[in-house]
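# Topology and contacts: notes
Now for the letters of each chain:
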Amino acid sequence: EIHEEYNWSIAYICKVLGVPRCSYYKWLNRKETKEELENHELANLIIEYDERFNHILGYRRMTRWINKLNSKHYNKKRVRRIMKMLGIKSVIRRKKNKYKKSTAQITAENLLARNFYASKPNEKWATDVTEFKIVGSKQKLYLSAIIDLYDRSIVAYIISTRNDNNLVFSTYELAMSKNPGATPILHSDRGFQYTSTVFQAKLKEENITQSMSRVGRCIDNGPTEGFWGIIKSEMYYLNKFHSHKELSESIENYISFYNNERLQERFNDMTPMEVRSKALNTSKEPEQYPIKENKRTQKYYAQ
């Protein structure tokens, strides 16, 4: 490029850079190896997926998603090395949870007891409400969601500007309408909506068993807290929202992405809805996806 732009001789440039001229011509005329060509192809895929998924993929998920969606078998160490060379990394951030005290009307035992494994759809549901703020104002949006612990899909959700009984009741009714006849254990925290006598009557009418986290133990509802962390890290914290409409549409789009496109390692790189559809449409016992245990997790849940 310097030779063409400034008309400097190759010999002079090589002398200034301390590079033998024969080495330059050897490099210029060499053919790339098969591995180098593959690295170029992989680098292009990494750049494409980093942009496509809004920079939320670390090297582990980047490896799984590229392999899954392109029928490849790249090693995660190779992906990590190339991502480092490209300066690409996940931009996910975490935020501390805030808790609001409530006066309970009726409470339930912690029947789930942090056993977040379910052997089939509609066996165990977990639910909660979280908030999102609008930039430059005191306005907020509240998201109420119910998660099926078998496939970790969002079976129902409602977005509202008010954190009231109607928000939780509507979410529950939507979940039941989508899953008629379901009688899961429904686990929640001790928020005022879940401890109200009206909600208790709704559960009793549908023969639903209620379970509640202990006071101050957010990890008793780990899967729901985990989903809040995912949606905020991969969508909310990466953008600034200036209106209810803009934020509401982004939440809806992300939940659709989470249910239908976001691959999960535990499910052999299938999406939650792929796992759910497969289980609901089989005449055999649903496939089992045990939760991997490690010392760090066991120590955390033992608190």
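I will try to describe carefully the structure that is included in this document. (Residues numbered from 1 in each chain as written. Predicted model: local features only at pLDDT ≥ 70, side-chain atom pairs only at ≥ 80, totals over all residues. Heavy atoms only, no water.)

Counting 38 residues, the largest nonpolar core has Ile 46 and Ile 231 as its most contacted members. Looking at this core, the elements with two or more residues in it are α4 (34–52), α5 (59–70), α6 (76–86), β2 (140–148), α9 (222–236) and α10 (244–260). Ranked by residues supplied to this core, first place goes to α10 with six residues. By size, the runner-up hydrophobic cluster in this structure holds 20 residues, among which are Met 176, Ala 182, Ile 208 and Met 212. (Core = buried A, V, L, I, M, F, W, Y, C linked by side-chain atoms within 4.5 Å. Buried < 20%, exposed > 50% of the residue type's maximum accessible area, 1.4 Å probe, protein only. Helix = DSSP H or I, 4+ residues; strand = E, 2+ residues; numbered from the N terminus.)

On to the pairing of strand β5 (residues 209–212). Across four bridges, strand β4 (residues 185–188) lies against β5 in parallel orientation. Considered in β5, the bridge of Leu 186 is made with Gln 210. (Pairing = 2+ DSSP bridges.)

Attention now moves to α6. Three or more residues of α6 are buried, namely Arg 78, Val 79, Ile 82 and Met 83. Looking down the long axis of α6, one finds its buried residues gathered within 130° of arc, a one-sided arrangement. Away from the buried face of α6 by more than 90 degrees, exposed residues Lys 77, Arg 80, Lys 84 and Met 85 are located. Those residues of α6 that are buried are in contact with α4 and α5. The backbone nitrogen of Lys 77 has a side-chain oxygen 2.7 Å away, supplied by the residue at the start of α6, namely Asn 75. Just downstream of α6 lies Gly 87, where phi reads positive at about 75°. (Arc of directions from axis to C-beta. Contact = heavy atoms within 4.5 Å. Polar contact = N/O pair within 3.5 Å; in protein donor to acceptor, adjacent residues only side chain to side chain.)

Moving on: a positive patch on the surface. A cluster of basic residues, Arg 60, Lys 76, Lys 77, Arg 80 and Lys 84, forms a positive patch on the protein surface. Considering each element in turn, the positive patch owes the most residues, four residues, to α6. Relative to the elements of secondary structure, Lys 84 occurs in helix α6. (Patch = residues over 30% accessible without salt bridge, like charges linked within 9 Å, V, L, I, M, F, W, Y side chains within 5 Å. Areas by Shrake-Rupley, 256 points an atom, 1.4 Å probe, with all protein chains shown as cover. Salt bridge = Lys/Arg side-chain N within 4 Å of Asp/Glu carboxyl O. Lys, Arg positive; Asp, Glu negative; His and termini not counted. Charge placed at Lys NZ, Arg CZ, Asp CG, Glu CD.)

The relative placement of two aromatic rings is captured by the distance of their centres and the angle of their planes. Applying the stated criterion across every chain, the model contains 19 aromatic pairs. Ring plane angle 35° and centroid distance 6.3 Å describe the contact between Tyr 24 and Trp 27, whose orientation is recorded as tilted. Of this pair, Tyr 24 and Trp 27 both sit in helix α3 (residues 21–29), three residues apart, which is roughly one turn of the helix. Three or more aromatic residues joined by ring pairs make a cluster, and in this case those are Tyr 49, Phe 53, Trp 65, Tyr 254 and Phe 257. For Arg 52, the ring lying beneath its charged end belongs to Tyr 49, and the centroid distance is 5.4 Å. Positioned above the aromatic ring of Phe 132, the side-chain terminus of Lys 232 is 5.3 Å from the ring centre. (Phe/Tyr/Trp six-rings, centres within 6.5 Å; stacked < 30°, edge-to-face > 60°. Lys NZ or Arg CZ within 6 Å of the ring centre and 35° of its normal.)

In this section: the packing of α4 against α5. Packed helices, taken two at a time, are described by their axes: the angle between them and the distance between them. Their axes nearest at 11 Å, the elements α4 and α5 cross at an angle of 105°. The pairing of α4 with α5 is recorded here as roughly perpendicular in orientation. Contacts between α4 and α5 involve Leu 42, Leu 45, Ile 46, Tyr 49, Asp 50 and Arg 52 from the first element and Met 62, Trp 65, Ile 66, Leu 69 and Asn 70 from the second. Tallied by class, residues from the contact of α4 with α5 come to eight nonpolar, one polar and two charged. (Axes fitted to C-alpha atoms, helices over the stretch in contact; angles between N-to-C directions. Parallel < 35°, antiparallel > 145°, perpendicular 65-115°, else oblique. Nonpolar A, V, L, I, M, F, W, Y, C, P; charged D, E, K, R; others polar.)

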